[in-house]
Protein chains: 2
Amino acid sequence: MDVFPLPLARIGIIGGGQLGRMMAKAAKRLGCTCVVLDPTPGSPAGQVAGHQIVGDYHDPAKLRELAESCDVTTFDIEDIDTDTLIQLEREGRRVHPSPKVLALIQDKLTQKQALADAGIATAPFIPMPEPSPEAFAAFGYPLVQKARRGGYDGRGVSIQRTPDDYDQHLPVPSLVERFVPAVKELAVLVARGLDGDCRCYPVVEMCFRPGENVLDMLLAPANIPAATAAAAVKLAERTLEVLGGVGIFGVEMFLTADGELLVNEVAPRTHNSGHHTIEANITDQFEQHLRAVVGLPLGSTDQLSPAAMINLLGAPGHRGRPVVKGMAEALAIPGVCLHLYGKAATAPFRKMGHVTVLDPDLETARHKAERVRDLIEISGEDHP
Amino acid sequence: MDVFPLPLARIGIIGGGQLGRMMAKAAKRLGCTCVVLDPTPGSPAGQVAGHQIVGDYHDPAKLRELAESCDVTTFDIEDIDTDTLIQLEREGRRVHPSPKVLALIQDKLTQKQALADAGIATAPFIPMPEPSPEAFAAFGYPLVQKARRGGYDGRGVSIQRTPDDYDQHLPVPSLVERFVPAVKELAVLVARGLDGDCRCYPVVEMCFRPGENVLDMLLAPANIPAATAAAAVKLAERTLEVLGGVGIFGVEMFLTADGELLVNEVAPRTHNSGHHTIEANITDQFEQHLRAVVGLPLGSTDQLSPAAMINLLGAPGHRGRPVVKGMAEALAIPGVCLHLYGKAATAPFRKMGHVTVLDPDLETARHKAERVRDLIEISGEDHP
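Residue numbers here run from 1 along each chain, matching the order of that chain's written sequence. Chains and ligands are labelled sequentially in the order written, the chains with letters from A and the ligands with numbers from 1. Only residues with pLDDT of 70 or above have their local features reported here, since the model is predicted, and side-chain atom pairs are shown and tallied only from 80 upward, although totals for entire chains, interfaces and linings are computed over all residues. Calculation of side-chain values draws on the structure's entire complement of heavy atoms; hydrogens and water are dropped beforehand.

Going by the annotation in an unreviewed UniProt entry, the name recorded for chain A is N5-carboxyaminoimidazole ribonucleotide synthase, with Thiobaca trueperi given as the source organism. UniProt positions are given in the numbering used here, feature names are shortened, and annotations may be inferred rather than shown by experiment. According to UniProt, the comment filed for chain A under the heading Catalytic activity (unreviewed entry) is "5-amino-1-(5-phospho-beta-D-ribosyl)imidazole + hydrogencarbonate + ATP = 5-carboxyamino-1-(5-phospho-D-ribosyl)imidazole + ADP + phosphate + 2 H(+)".

So this is what it looks like as structure tokens:
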């Protein structure tokens, strides 16, 4: 029989954004306490955790302060100083997912090479240490250039359809890959426990606006044949076997016109494609991640209702204290679940919250989510 | 179009227990901030709210400090100084539910008289300012004696089956009512919005152990005929029309062998019979309460899955820092959702947490919940 004095564990969370915020809520109901490391005092996660170390993710002293005061350290961002974390892990500190796995994934080139070496299908790619028009042309258009480091939410990615797009290129060490004309973009959230137990959530469909890389609408489950869904789950599991690590991982994939599945990217953390699991699934991704990293059994990933999810982004041209328009009207729509992140200031396209819509019919959920997107606007008091 | 600068509202919560804790979590996702008033530093709700005023619910100065620093004040307990709250409401402070409604309900005699005067079915009752064997005998056995004030979780209630039970009576101003041999005890959670909109959650069934008054197991939905469920919802709505007030109310009822429904008691707050709504329903009772008190539209009360809920009580004879046994084993059961309340010390029968079990089949959910109850034990480090 297992025996735990409370608190069960003190969890260190590197990064105090919305992912850490939702994680801290889950941590508390599992009997854990939390400490957040984030440079902004009163960060979204810090407001809920109750304890925040104000400091940078790249500051070795602050990372050490966090890890040494906690039983387990995890993160809600990827752009962290892994050298310090690897050293802390060597000293016996528990960090999950392992900073070695994070380091491998942080660099999009080593991530992709690891997958390709293991025979996992991806778009064809090559390293490109010094991007140039000649190198792009040699690889052939259309292509996708990805910065090796620091990209997220579409930053660090440049689609080069023709040589004319070169003024949009990224002047940093990169990889380039073949542009995949995907029919759909899918994602599978995978949880791996300390004991190696592996559980996938139902496959979801990520919709992007043309030309933008920020998730526009998420549909759960994905509207794809059962055989494709089963293949996507299998591919996600194999991907995690290759990469290793404990916790939640988001595996993004392309579904091509030929019905082929290609792994695009892996996120070694809770993921925007899993926010709907808070309401729609038995165990949400944040609790699942914590169950994994503290060594509890993983929970059921069964979905209770179809769901559509949209991000609430700061309106272009607006900054300062957020002002929400249309919130009451949106909340009057049955099935609308609102999550605001408590950020003190808005900025153009900043993620300020999200809305999950539950409905027995996925198409109705999508329509309601579109209506909410039209209704809610997050502007700022400092609008010029 | 509605326009709200963030934070949407600053919510004052009188009482920092588990109900306030779950309310504070809901408040944050709706874009509200919270302040908790509770005598224990680091109370369960204070840990999540991020701001606590340490003070007693009966201290007029502390109640004033809370209400004057908040946009809306509400409560997670009933035993509050209503005189001060009524004065604050007179001065224009927003307090929901109205302290006048709270005062009426706080006194179980005035509560019951208000219901009876409006023609709402209850067990026959009489006031009993000074309990005595003669007065009990005159009313007739079996009877239930209820203290007019201060009772909760079975405290303040004495079942007198025969004159021999007199040593168990309560020597305080009371009412006595006919003991109802109920087939089932039911509860309906009702939400009333600022605009008078009224929404009921599906009827639930509360199971008690013989001789105890603390909820042993909750089943949602109740296993009763549809016509009975519809009648219970109607009765709950009528009860709220009589009492008035804005927010969530728990209406407890008896279902007699004849199929008659009698209102037992009303709680003017979020309620133990609604904890399952966090996972099982689209809008949980805590968010619903907040939507009501800040003037947002009420959410859908639809239930997504059958659910069984048990409280996790401190083991008899144990005090001090809590130690949880069997938690990992319980979490391995599919559908088990754990909520620990972060209380620093356990005590015999203290509510330390709860578990909701979701399962497509209610009987399976109940069996799993029974298994969890057998597995999890909350003992204390100060066990003698």
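Here the narrative resumes.
Novice: Account for the overall build of chain A, with residues named and values stated.
Specialist: The helix and strand inventory of chain A stands at 12 helices and 21 strands. Against the 2.2 N^0.38 benchmark of 21 Å for 384 residues, chain A shows a C-alpha radius of gyration of 20 Å, consistent with a compact globule. C-alpha atoms of chain A, sized along the principal axes, occupy 60 × 55 × 50 Å. Looking at chain A as a whole, 60% of its 384 residues are labelled buried. Taking the intrachain contacts of chain A between residues at least 6 apart in sequence as the baseline, contacts between residues at least 24 apart amount to 63%. Accessible surface is estimated by sampling points in the Shrake-Rupley manner with a 1.4 Å probe; for residues, cover comes only from the protein chains shown. On chain A, roughly 14200 Å² of surface is accessible, and the fraction owed to carbon and sulfur atoms is 52%. When the 37 basic and 48 acidic side-chain charges of chain A are each reduced to a single mean position, those positions are 3 Å apart. Strands here mean DSSP runs of E at least two residues long; helices mean DSSP runs of H or I at least four residues long; both are numbered from the N terminus. Note on method: radius of gyration uses C-alpha positions; expected globular size equals 2.2 Å times residues raised to 0.38. In this scheme, a residue with accessible area under 20% of its type's maximum is buried, one over 50% is exposed, and one in between is partly exposed, where area comes from a 1.4 Å probe on protein chains only. In this description, contact between two residues means that some pair of their heavy atoms is separated by no more than 4.5 Å. When charges are tallied, Lys and Arg are placed among the positive residues and Asp and Glu among the negative ones, while His and the ends of the chain are skipped. Lys charges are placed at NZ, Arg charges at CZ, Asp charges at CG and Glu charges at CD.

Novice: Kindly report on the pattern of salt bridges, identifying the contributing residues and their values.
Specialist: Residue and element names in this part refer to chain A. Salt bridges are counted wherever a side-chain nitrogen of Lys or Arg sits within 4 Å of a carboxyl oxygen of Asp or Glu. Summed over the entire model, instances satisfying the criterion amount to 38 salt bridges over all chains. A salt bridge links Arg29 to Asp284, with the shortest nitrogen-to-oxygen separation between them at 2.8 Å. Of this pair, Arg29 sits in helix α1 (residues 18-29) while Asp284 is found in the loop between α9 (277-280) and α10 (285-294), placing the two residues 255 residues apart along the sequence. The buried category is assigned to Arg29, whose relative accessible area is 14%. On the basis of relative accessibility, which here comes to 7%, the residue Asp284 falls in the buried class.

Novice: Quick one: what's the story with the sheet that holds strand β9 (residues 157-160) of chain B, residue by residue and with numbers?
Specialist: All names here are of chain B. Two strands make a pair as long as DSSP finds a minimum of two bridges between them. The strand order across the open sheet built from 4 strands is β7-β10-β8-β9, with neighbouring strands paired in antiparallel fashion. Each edge of the open sheet is held by one strand with a lone partner, namely β7 (125-128) and β9. On average, adjacent strands in this sheet sit at an angle of 25 degrees to one another, irrespective of strand direction. Sheet topology places strand β8 (residues 143-147) next to strand β10 (residues 174-178); 5 bridges connect them, and they run antiparallel. Bridge pairing in β10 links Lys146 to Leu175. In this analysis, axes come from line fits to C-alpha atoms, helices being fitted only over the stretch in contact, and the angle between any two N-to-C directions falls in the range 0 to 180 degrees.

Novice: How would you sum up the interface of chain A and chain B? Please name residues and give values.
Specialist: At the interface, 48 residues of chain A touch 48 residues of chain B. Seen at the junction of chain A and chain B, the total is 0 salt bridges. We call two N or O atoms a polar contact when they sit within 3.5 Å, provided that within protein one can donate a hydrogen and the other can accept it, with sequence-adjacent residues counted only if both atoms are side-chain atoms. In this structure, the connection of chain A to chain B is made through 25 residue pairs in polar contact (both at pLDDT 80 or more). Of all elements in the fold, only β1 (3-5), α1, α2 (44-49), β18 (322-325), α11 (327-331) and β19 (336-340) of chain A reach the threshold of two or more residues within the side of chain A that touches chain B. Of the residues forming the side of chain A that touches chain B, the biggest block, 5 residues, is contributed by β19 of chain A. Its residues assigned to classes, the side of chain A that touches chain B comprises 29 nonpolar, 8 polar and 11 charged. Both β1 of chain A and strand β18 (residues 322-325) of chain B contribute to a ladder of 3 bridges, which runs antiparallel. All amino acids are sorted into three groups, where Ala, Val, Leu, Ile, Met, Phe, Trp, Tyr, Cys and Pro are nonpolar, Asp, Glu, Lys and Arg are charged, and the leftover types, Gly among them, are polar.

Novice: Hey, could you go over the domain arrangement of chain A for me, with residue numbers and the actual values?
Specialist: Residues and elements named next belong to chain A. Start and end positions for the domains come from either an automated domain assignment or a database one. One can read the domain layout of chain A as domain 1 (9-95), domain 2 (124-178) and domain 3 (182-381). In this structure, domain 1 and domain 3 have C-alpha centres spaced 22 Å apart. Across the boundary between the two partners, domain 1 contributes 21 residues, which contact 21 residues of domain 3. Each of two parts loses accessible area, computed with a 1.4 Å probe, when they are put together; buried area is these two losses added. Both sides of the domain 1 and domain 3 interface together cover about 1800 Å² of buried area, and 65% of this is carbon and sulfur. It is Gln18, Met22 and Leu30 that lose the most area in domain 1 upon contact with domain 3, and together they represent 29% of the buried surface on that side. Counting the contacts that link domain 1 with domain 3 gives 3 salt bridges. Glu78 is paired through a salt bridge with Arg269; the nearest N and O atoms lie 2.7 Å apart. Within the residue set of the side of domain 1 that touches domain 3, elements represented by two or more residues are α1, α2 and β5 (72-75). The element contributing the most residues to the side of domain 1 that touches domain 3 is α1, with 8 residues. Across the side of domain 1 that touches domain 3, the residue classes break down as 13 nonpolar, 3 polar and 5 charged.

Novice: Outline the environment of Ala191 of chain A, supporting the account with residue identities and numerical values.
Specialist: Residue and element names in this part refer to chain A. Looking at the element boundaries, Ala191 is found in strand β11 (residues 182-192). For the pair formed by Ala191 and Ala315, sequence separation is 124 residues and the distance between their alpha carbons is 34 Å. Setting aside its immediate chain neighbours within four residues, Ala191 contacts Asp197, Cys198, Arg199, Gly247, Ile248, Gln288 and Leu298.

Novice: Quick one: what's the story with helix α10 (residues 285-294) of chain B, residue by residue and with numbers?
Specialist: Residue and element names in this part refer to chain B. In terms of burial, α10 is a largely internal element, 10 of the 10 residues being buried. Restricting attention to buried positions, one finds in α10 the residues Gln285, Phe286, Glu287, Gln288, His289, Leu290, Arg291, Ala292, Val293 and Val294. A positive phi of about 90 degrees marks Gly295, the residue just after α10.

Novice: Break down the UniProt feature "binding site: ATP" (unreviewed entry) in chain A for me, with residues and values.
Specialist: Residue and element names in this part refer to chain A. The sites that carry the UniProt feature "binding site: ATP" (unreviewed entry) are, in the present numbering, Lys108, Lys146, Glu177, Arg178, Phe179, Val180, Glu185, Asn264 and Glu265. The class of Lys146 is buried, set by a relative accessible area of 4%. Residues in contact with Lys146, not counting those within four places in the same chain, are Lys108, Lys112, Gly156, Val157, Ser174, Leu175, Glu177, Asn264 and Glu265. Locating Glu185 in the fold gives a position in strand β11. In this structure Glu185 comes out as partly exposed when scored by relative accessible area, which is 23%. With residues near it in sequence (within four places) discarded, Glu185 still touches Val204, Glu205, Met206, Phe208, Met253 and Phe254.

Novice: Run through unusual backbone geometry, naming residues and quoting values.
Specialist: Residue Pro7 of chain B is bonded to the preceding Leu6 of chain B through a cis peptide linkage, with omega at -5 degrees. Mapped onto the secondary structure, Pro7 of chain B falls in the loop between β1 (3-5) and β2 (10-14). Cis rather than trans, the peptide bond between Tyr141 of chain B and Pro142 of chain B has omega equal to -10 degrees. The phi dihedral of Phe349 of chain A falls on the positive side, at around 65 degrees, and the residue is not glycine. With respect to the helices, strands and loops of the structure, Phe349 of chain A is situated in the loop between β19 and β20 (351-358).

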